[in-house]
There are 2 protein chains.
Amino acid sequence: MAQKPSTPKGTRDFNPEQVAKRNYIFNTIRGAFDKFGFQPIETPSFENSDTLMGKYGDEGDRLIFKILNSGDFLSKANQQAYLEKDSNKLTPSISEKALRYDLTVPFARYVVQHQNEIEFPFKRYQIQPVWRADRPQKGRFREFYQCDADVVGSKSLWQEVEFIQLYDTVFSALKLEGVTIKINNRKILSGIAEVIGASDKLIDFTVALDKLDKIGEEKVKAEMLSKGISNEGISKLQPLFSLSGSFESQIESLKNILSSSEEGQKGIEELAFIDKAINELGLSSAKLQLDVTLARGLNYYTGAIFEVSAPEHVKMGSIGGGGRYDDLTGIFGMKNMSGVGISFGLDRIYLVIEELGLFPETVNKNIDVLFINFGDKEALFSLKAIKELRSQGVNAELYPDNAKMKKQMNHANNRNIPFVVIVGNDEMTSNTYALKNMITGEQEKVPLETLVLKTKKS
Amino acid sequence: MAQKPSTPKGTRDFNPEQVAKRNYIFNTIRGAFDKFGFQPIETPSFENSDTLMGKYGDEGDRLIFKILNSGDFLSKANQQAYLEKDSNKLTPSISEKALRYDLTVPFARYVVQHQNEIEFPFKRYQIQPVWRADRPQKGRFREFYQCDADVVGSKSLWQEVEFIQLYDTVFSALKLEGVTIKINNRKILSGIAEVIGASDKLIDFTVALDKLDKIGEEKVKAEMLSKGISNEGISKLQPLFSLSGSFESQIESLKNILSSSEEGQKGIEELAFIDKAINELGLSSAKLQLDVTLARGLNYYTGAIFEVSAPEHVKMGSIGGGGRYDDLTGIFGMKNMSGVGISFGLDRIYLVIEELGLFPETVNKNIDVLFINFGDKEALFSLKAIKELRSQGVNAELYPDNAKMKKQMNHANNRNIPFVVIVGNDEMTSNTYALKNMITGEQEKVPLETLVLKTKKS
């Protein structure tokens, strides 16, 4: 007896309901991307290993899924590594391809490879799965989708303004009200580090500051101290910890705190520009909030940094993020290609929408009408009606077998099919259909035209 | 200087136009699947190796992409195989997962794993990529999409009837007229083998017969002879080679040829049932044709066998296929689960539609309106109009930088954007927009409402 098969650790099957709900989110995001002038591209699931390796740090390299070369791969294996039984060293000689780890590096590769066909500034979106050999845990999977929109080839701050509008448009369309779009700017963080005399400790400093929400002021200070930031420097941070109020009032405070840093002032200017534009343009349901503790992949971002939080009453954390990077394609030898982009966290958005009951009832493209099968003559008569229904946009099907009536009705119930049609001798003779509403239980005999009208979705 | 990066052999990037065209085909197929009551599922890109290995024959096993275990994979390697440097033998101990090779085996795995949640008969569809380490050549890729629809849990021939209707619906919706849906039945092939005394050589016999179109009658006979089929047997085949005419007349000939084979008679009965139903129901643009030489994966199919050919004037070969299999899930220990299914060949359908110029002009979700950027004041004014346009369903964007007018107009031209809006001082003062039709060259000053009306897609 074979063992019941299963999916690999950290991966999932999606049943019809889940696929429908995921597609609802994808399609909403896609619709907004199109509206904002982003264009879709797709890249292969695997890349040459040298395209990916070394782009995500050591930890990233470790989490990349490598594909074993085909055929007699050992014949080309690194002999030294083979003798030493060194897995790490052996890998490049027996694996030339790897599954993509994110959509950003493949996008950078795409831009460089196709630079002569691309019309810049290039606004692209990409909705595809990525793979990471992470330890699976609740909400973390080894295969998951990323939804990214990026613009490359322009340093204009209007892009940042548009991305905030884009987030607002998507979450409003999903009826997910009350999300907070947090924004910061790397130049603010650099300015603060400069002011407290810790420019050489920018990463340590921001890693600590990023934890303010989680571990509180005292522990953040202790961590900074342990990383070698001076007491004097930390005391200069005091106004930051109590920074609150409106975007504008925080900007005013920052002007004081960062008065001696040119880069800090530049960051303030950028934030103020974006805030003013968003105020003029208005948001439908999201809030824009300045958060000077926001750091995210700081090594990467050079200007704006975004993060989106789910509505406060939902415990979920970030459901999106992004920022500006001034050198996307440098890793592939193409200089001066500034970009800015955002990402939507599909799995978390799904969980939030599910928790809040915001999936529309019509999300499932379920069948509208099931025809009961009483035998071949009735089936053929039914299929003629089914053909007409389908051509009118009604999803209809025939129960394939002449099974017991009860079994067929149960099938309709179990699949939540709203209408059942029964065709027997009477109906065939009178050219009518017995239409049963499975919700109300009502049943009536109707001609084909009425059948279409009654079952068509409004 | 870094080398210009590329995609792995046999894989492809898709640019915005290609993605749009592919999605047009996917969405058409998906729409028909929904209409016929099929429900979407998705399975992970990789499966446990033991789910896939041994299911596609030795050649298949070889073509499956294996994923290298993470971490120090050599520590758990098969020592004997390691010493012997036997790649094949080593693989199972350093690779536990593999990329899916088709959608059928993962579907079988899904049905067995989720049998208690599934309401049978289960009509599922699945549109996902698969991977094969095949030698790449024109039109053959290492990553490509499959689009499959299957029903499991019913032996009803009405399913076969519905699949023919489904093919017809999809190709008619794609405006791809004149495709031929060829049908055969394994029982016919078994019957013929029985009649010519070659039941034990069924595979050899059908492999040869399948080549009739390509190599002609004489060579087919020679091949059969070389495989040990007797001259006497081959002479009994003569009527098959000249089988032609309507479905009905071929059925009549077969009745004579197969009169001594019970299984053959059963096959004839099934084909006649399907033909009669399709005649009653009618097809929109496809033709149904009996083709007794059609074999396809014969080891697999137990009843109907389908194959769809592109219209005759297009040299493309098969653009779809399928059939009935009586034991889909037996490989995972679940018996008596009859299924029937069909598949659409996306890449070939794409090529045919491209060649015949059948992609609709609206397939590209391109931007409708580009606003020229003359500076921050004008940009903000423009973004207010853009916000209104987007809310009315018009895809609109602002050129991000205050670049030279000519550069911005070229951008609109290069992207085939149909309308450009120019906002300067005059327009801001009079609250109007200079709208330029990029196709006719006409330009007019209009208020916002008119701008919306003129740029909205009809």
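Under an unreviewed UniProt entry, the name given to chain A is Histidine--tRNA ligase, and the organism recorded is Algibacter aquimarinus. According to UniProt, the comment filed for chain A under the heading Subunit (unreviewed entry) is "Homodimer." The UniProt entry for chain A carries the following text under Catalytic activity (unreviewed entry): "tRNA(His) + L-histidine + ATP = L-histidyl-tRNA(His) + AMP + diphosphate + H(+)".

### Brief notes about the overall build of chain A
Helix and strand counts for chain A come out as 19 helices and 16 strands. A compact globule built from 458 residues would reach a C-alpha radius of gyration of about 23 Å, whereas chain A, at 29 Å, exceeds it by more than 25%. In terms of principal-axis extent, the alpha carbons of chain A reach across some 95 × 65 × 45 Å. Residues counted as buried form 59% of the 458 residues belonging to chain A. Expressed as a percentage of contacts within chain A between residues at least 6 apart in sequence, the contacts between residues at least 24 apart total 68%. Counting every atom, chain A has about 19300 Å² of accessible surface; 47% of that belongs to carbon and sulfur. Here chain A holds 58 positive side-chain charges and 61 negative ones, and the gap between their average locations is 5 Å.

### So, the pairing of strand E9 (residues 304-309) of chain B
All names here are of chain B. For E9, the tally of buried residues reaches 6 of 6 residues, placing the bulk of the element in the interior. Side chains Ala304, Phe306 and Val308 of E9 all project onto a buried face; the interleaved residues Ile305, Glu307 and Ser309 project onto the opposite face, where all are buried too. Direction of pairing for E9 relative to strand E10 (residues 318-325): antiparallel, over a ladder of 5 bridges. Considered in E10, the bridge of valine 308 is made with glycine 320.

### Some details on helix H1 (residues 16-35) of chain A
Residues and elements named next belong to chain A. Given a rise of 1.5 Å per residue, 20 residues ought to cover 28 Å, and the 28 Å separating the end C-alpha atoms of H1 matches this to within 8%. A distance of 3.1 Å separates the backbone nitrogen of glutamate 17 from a side-chain oxygen at the start of H1, and that oxygen is part of asparagine 15. Where H1 terminates, the next one or two residues include glycine 37, which has phi positive at roughly 90°.

### Topic: the domain arrangement of chain A
Here chain A is partitioned into domain 1 (16-44 + 100-356) and domain 2 (365-456). Taking only C-alpha atoms into account, the centre of domain 1 of chain A sits 52 Å from that of domain 2 of chain A.

### Description of the packing of aromatic side chains
Residues and elements named next belong to chain B. Evaluation of the coordinates by the stated rule reveals 35 aromatic pairs over all chains. Each ring, one from tryptophan 158 and one from phenylalanine 273, has its centre 5.0 Å from the other, and the planes form 75°; the classification is edge-to-face. Highlighted residues: tryptophan 158 in helix H7 (residues 158-173) and phenylalanine 273 in helix H14 (residues 262-281), separated in sequence by 115 residues. Accessibility expressed as a relative area gives 5% for tryptophan 158, which makes it buried. Taking the relative accessible area as the measure of exposure, phenylalanine 273 reaches 22% and is therefore partly exposed.

### A short note on helix H9 (residues 202-209) of chain B
Taken together, the buried positions of H9(B) are B:Leu202, B:Phe205, B:Thr206, B:Ala208 and B:Leu209. Down the axis of H9(B), the sector holding all buried residues measures 160°, keeping them to one side.

### With respect to the sheet that holds strand E11 (residues 339-344) of chain B
All names here are of chain B. Strand order in the open sheet formed by 8 strands is E1-E5-E6-E11-E10-E9-E7-E8, with mixed pairing between adjacent strands. Sheet topology places strand E1 (39-40) and strand E8 (287-290) at the edges, where each strand pairs with a single neighbour. Summarising the sheet, strand E6 (residues 143-152) and E11 pair through 6 bridges and their orientation is antiparallel. Its bridge partner being in E11, valine 151 is matched across the sheet by valine 340. The sheet contacts of helix H15 (residues 346-355) involve E6, E10 and E11, and relative to E10 the element is tilted by about 145°.

### Describing the relation of the copies chain B and chain A
Take chain B, turn it by 180°, move it 0.0 Å along the axis, and it overlays chain A with an RMSD of 0.0 Å. On this basis, the relationship between the two copies can be described by a two-fold rotation axis. Among all residues of chain B, the minimum C-alpha distance to the rotation axis is found for B:Ile67, at 2.2 Å. Taken together, the interface assignments show that 100% of the residues at the interface of chain B recur at the interface of chain A, consistent with an identical surface on both copies.

### Remarks on the pairing of strand E16 (residues 443-446) of chain A
Residues and elements named next belong to chain A. As judged from the 4 bridges shared by strand E15 (residues 433-437) and E16, these two strands associate in the antiparallel manner. The residue of E16 that forms the bridge with leucine 435 is glutamate 444. Remark: 5 residues form the turn of the hairpin made by E15 and E16, two consecutive strands paired antiparallel; glycine 441 in that turn has positive phi of roughly 85°.

### Some points on the interface of chain B and chain A
Counting residues at the interface gives 104 residues for chain B, matched by 104 residues for chain A. Both faces considered, chain B and chain A share a buried interface measuring about 9300 Å² in area, 56% of it formed by carbon and sulfur atoms. Here chain B and chain A share 8 salt bridges between them. A salt bridge links B:Glu162 to A:Arg390; the nearest nitrogen and oxygen atoms lie 2.6 Å apart. Take the side of chain B that touches chain A: its biggest share by element is 7 residues, from helix H16 (residues 376-391) of chain B. When grouped by side-chain class, the residues that make up the side of chain B that touches chain A number 44 nonpolar, 32 polar and 28 charged.

### Examining the environment of B:Asn78
All names here are of chain B. You can see asparagine 78 is positioned in the loop between strand E3 (66-67) and helix H4 (79-84). Considering only alpha carbons, one finds asparagine 78 and isoleucine 94, 16 residues apart in sequence, at a separation of 8.1 Å. Beyond its immediate stretch of four places on either side in the chain, asparagine 78 contacts Lys89, Leu90 and Ser93. One polar contact links the side chain of asparagine 78 to the main-chain amide nitrogen of alanine 81, over a distance of 3.0 Å.

### Some thoughts on the side chain of A:Lys66
Summarising the element assignment, A:Lys66 is placed in strand E3 (residues 66-67). An unpaired buried charge is present at A:Lys66: no salt bridge exists, and A:Asp61, the closest side chain of opposite charge, is 6.8 Å distant. One polar contact links the side chain of A:Lys66 to the main-chain carbonyl oxygen of A:Ile64, over a distance of 3.1 Å. Here A:Lys66 is in contact with A:Met53, A:Asp61, A:Thr91, A:Ser95, A:Lys97, A:Ala98, B:Lys66, B:Ile67 and B:Leu68, once residues within four sequence places are set aside.

### Quick word on the pattern of salt bridges
Side-chain pairs of opposite charge can arise whenever the charged atoms involved come near each other. Inspection of the entire model under this criterion finds 53 salt bridges over all chains. Between A:Glu162 and A:Lys123 there is a salt bridge; the shortest N-O distance is 3.3 Å. Taken as a pair, A:Glu162 in helix H7 (residues 158-173) and A:Lys123 in strand E5 (residues 122-131) lie far apart in primary sequence, 39 residues in all. In this structure A:Glu162 comes out as buried when scored by relative accessible area, which is 4%. Residues B:Glu270 and B:Lys187 are paired through a salt bridge, measuring 2.8 Å at the closest nitrogen-oxygen approach. In this pair, B:Glu270 is assigned in helix H14 and B:Lys187 in helix H8 (residues 186-195), connecting sequence segments 83 residues apart. Several salt bridges share partner residues, and in doing so they unite A:Lys123, A:Glu162, B:Arg390, B:Glu397 and B:Arg415 into one network.

The rules behind the values
Residues numbered from 1 in each chain as written. Chains lettered and ligands numbered in written order. Predicted model: local features only at pLDDT ≥ 70, side-chain atom pairs only at ≥ 80, totals over all residues. Heavy atoms only, no water. UniProt positions renumbered as here; feature names shortened; annotations may be inferred. Helix = DSSP H or I, 4+ residues; strand = E, 2+ residues; numbered from the N terminus. Rg over C-alpha atoms; globule rule 2.2 N^0.38 Å. Buried < 20%, exposed > 50% of the residue type's maximum accessible area, 1.4 Å probe, protein only. Contact = heavy atoms within 4.5 Å. Areas by Shrake-Rupley, 256 points an atom, 1.4 Å probe, with all protein chains shown as cover. Lys, Arg positive; Asp, Glu negative; His and termini not counted. Charge placed at Lys NZ, Arg CZ, Asp CG, Glu CD. Pairing = 2+ DSSP bridges. Expected span 1.5 Å × (residues − 1). Polar contact = N/O pair within 3.5 Å; in protein donor to acceptor, adjacent residues only side chain to side chain. Domains from an automatic or database assignment. Phe/Tyr/Trp six-rings, centres within 6.5 Å; stacked < 30°, edge-to-face > 60°. Arc of directions from axis to C-beta. Axes fitted to C-alpha atoms, helices over the stretch in contact; angles between N-to-C directions. Least-squares fit on C-alpha atoms with pLDDT ≥ 70 in both. Buried area = accessible area lost by both parts, 1.4 Å probe. Salt bridge = Lys/Arg side-chain N within 4 Å of Asp/Glu carboxyl O. Nonpolar A, V, L, I, M, F, W, Y, C, P; charged D, E, K, R; others polar.

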